[in-house]
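Residues per chain, in single letters:
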Amino acid sequence: MFRGFELSVPDNSFHEYKDVGGSLHQENKRLVDGRLSQFRGHSGDLLSKKMTAAWFPEIDAQVFISHAHKDSELALGLSGHLHRRFGLTSFVDSAVWGYANDLLKVLDDEFCYNDEARTYNYQKRNRSTSHVHMMLSVALSRMIDRCECIIFINTPHSISSRDYIQGSTTDSPWIYSEIAMTRLIEKRSPEAHRRTRTTAATESYDAELKVRYDVDLDHLSEIDGQTYNNWLGQTKGITGLAALTRLYDLVPPTKPRN
């Protein structure tokens, strides 16, 4: 990761590029496969490395897009626009959220279901959920580290308040985790990212349980619709990573608050 941005635009932005973004991310779609035998080691234990590679694979992307579940179409539209306008590849985080629930269902049916009681064992389900969510969290962190640019789409669906007096909060643990990781991950220059590229490669919560997380956005440089359009105007004829360099020049890094 080099730079992070907080993008605030109307809900209908990039709607004409939604199908473009959707088709791009269909290529990374994983089919649910209940055959756990392919993930077992010689001892019979499941191997997290194989499961992560199959369910939460790393892709070769330059931009990581973080967003709330209700902003999925906006995220796909942004991804499609960045690809059509600049030839940039984006990783949309919701592209893997759903797979976590699918994988959980496979594991729970295999290890947590009691046929006689016709219900799931609570303690075993806690354990299976911990394993899957840990694999997903690590996979998302690796993608944040791998991508040069992070764009967080900030809407009322993701952050409940932008008031610095009261603080910004979210009820999404994944948004909380991703924003926290953008602060913690070591920053690497665009040159370092681009050298690496030349040498290498659902949020769904029951109403009964809602946990609110404090989210610190101070380290993300803010972009609104006008700034985004200014970037487009200054990048005519420019594509690829050079377009990201122009964005970095246009929007200065945010100075940390005391």
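Residues numbered from 1 in each chain as written. Predicted model: local features only at pLDDT ≥ 70, side-chain atom pairs only at ≥ 80, totals over all residues. Heavy atoms only, no water.

> Got a sec to walk through the overall build of the protein? Specific residues and values, please.
A tally of helices and strands in the protein yields nine helices and nine strands. Just so you have it, the protein exposes about 14300 Å², and 50% of that area is on carbon and sulfur atoms. (Helix = DSSP H or I, 4+ residues; strand = E, 2+ residues; numbered from the N terminus. Areas by Shrake-Rupley, 256 points an atom, 1.4 Å probe, with all protein chains shown as cover.)

> Tell me about the sheet that holds strand E9 (residues 221-224), residues and numbers included.
The strand order across the open sheet formed by five strands is E3-E2-E6-E1-E9, and the pairing between neighbours is parallel. Each edge of the open sheet is held by one strand with a lone partner, namely strand E3 (90-92) and E9. Strand-to-strand twist across the sheet, computed as the mean angle between neighbouring axes with direction ignored, equals 25°. Pairing of strand E2 (residues 63-66) with E3 involves three bridges; the strand directions are parallel. Looking across to E3, one finds that Val-63 is bridged to Ser-90. (Pairing = 2+ DSSP bridges. Axes fitted to C-alpha atoms, helices over the stretch in contact; angles between N-to-C directions.)

> How would you summarise the packing of helix H5 (residues 122-146) against helix H6 (residues 173-184) if you had to cite specific residues and measurements?
Running from N to C, H5 and H6 cross one another at 40°; their axes reach a closest spacing of 10 Å. Relative to H6, H5 is oriented oblique. Once H5 is placed against H6, the crossing between them reads as right-handed. Residues His-133, Leu-136, Ser-137, Leu-140, Ser-141 and Ile-144 of H5 pack against Trp-174, Ser-177, Glu-178, Met-181 and Thr-182 of H6. Its residues assigned to classes, the contact of H5 with H6 shows five nonpolar, five polar and one charged. (Parallel < 35°, antiparallel > 145°, perpendicular 65-115°, else oblique. Left-handed = near helix turned anticlockwise from the far one by under 90°. Contact = heavy atoms within 4.5 Å. Nonpolar A, V, L, I, M, F, W, Y, C, P; charged D, E, K, R; others polar.)

> Account for the side chain of Ser-141, naming residues and giving values.
Examined against the element boundaries, Ser-141 turns out to sit in helix H5. Residue Ser-141 is classed as buried on the basis of its relative accessible area of 15%. Separated by 2.9 Å, the side chain of Ser-141 and the backbone oxygen of Ser-137 make a polar contact. (Buried < 20%, exposed > 50% of the residue type's maximum accessible area, 1.4 Å probe, protein only. Polar contact = N/O pair within 3.5 Å; in protein donor to acceptor, adjacent residues only side chain to side chain.)

> Break down helix H9 (residues 241-250) for me, citing the residues and quoting the values.
Every buried residue belonging to H9 is among Leu-241, Ala-243, Leu-244, Leu-247 and Tyr-248, and all of these are buried. The arc that holds every buried residue of H9, seen down its axis, measures 150°, which confines them to one face. (Arc of directions from axis to C-beta.)

> Can you explain the packing of aromatic side chains? Please cite residues and give values.
Inspection of every chain in the model, using the stated rule, returns seven aromatic pairs. Seen from their ring centres, Tyr-113 and Tyr-120 are 5.0 Å apart, and the 65° between their planes marks the pair as edge-to-face. When its relative accessible area of 32% is taken as the criterion, Tyr-120 is described as partly exposed. Put simply, the rings of Phe-14, Phe-86, Tyr-228 and Trp-231 touch in pairs and so form one group of aromatic residues. (Phe/Tyr/Trp six-rings, centres within 6.5 Å; stacked < 30°, edge-to-face > 60°.)

> Account for empty space enclosed by the protein, with residues named and values stated.
Considering only enclosed or pocket space, the second largest cavity measures out at about 50 Å³ in volume. As for the second largest cavity, its lining consists of Phe-5, Phe-64, Ser-66, Ile-144, Ile-150, Ile-151, Phe-152, Glu-178, Ile-179, Thr-182 and Leu-220. In the lining of the second largest cavity, the residues fall into eight nonpolar, two polar and one charged. (1 Å grid on protein atoms, 1.4 Å probe; cavity = no way out; pocket = protein on both sides within 12 Å on 5 of 7 lines; lining within 4 Å. Points joined across faces, edges and corners; volume = space filled by probe spheres on them.)

> Could you give an account of the packing of helix H8 (residues 225-233) against H9, with specific residues and numbers?
At a minimum axis separation of 10 Å, H8 and H9 run at an interaxial angle of 130°. Relative to H9, the element H8 is oriented oblique. Crossing hand, H8 versus H9: right-handed. Every residue of H9 that contacts H8 at Thr-227, Asn-230 and Trp-231 is listed here: Ala-243, Leu-244, Arg-246, Leu-247 and Leu-250. Tallied by class, residues from the contact of H8 with H9 come to five nonpolar, two polar and one charged.

> Would you mind going over the pattern of salt bridges in detail, with residue names and values included?
Throughout the structure, instances matching the rule amount to seven salt bridges. In this structure, the salt-bridge partner of Lys-105 is Asp-109, at a minimum N-O distance of 2.7 Å. Of this pair, Lys-105 and Asp-109 both sit in helix H4 (residues 94-111), four residues apart, which is roughly one turn of the helix. Exposure remark for Lys-105: the relative accessible area of 46% places this residue in the partly exposed category. The partner of Arg-183 in a salt bridge is Asp-216, and the shortest N-O contact between them spans 3.0 Å. (Salt bridge = Lys/Arg side-chain N within 4 Å of Asp/Glu carboxyl O.)

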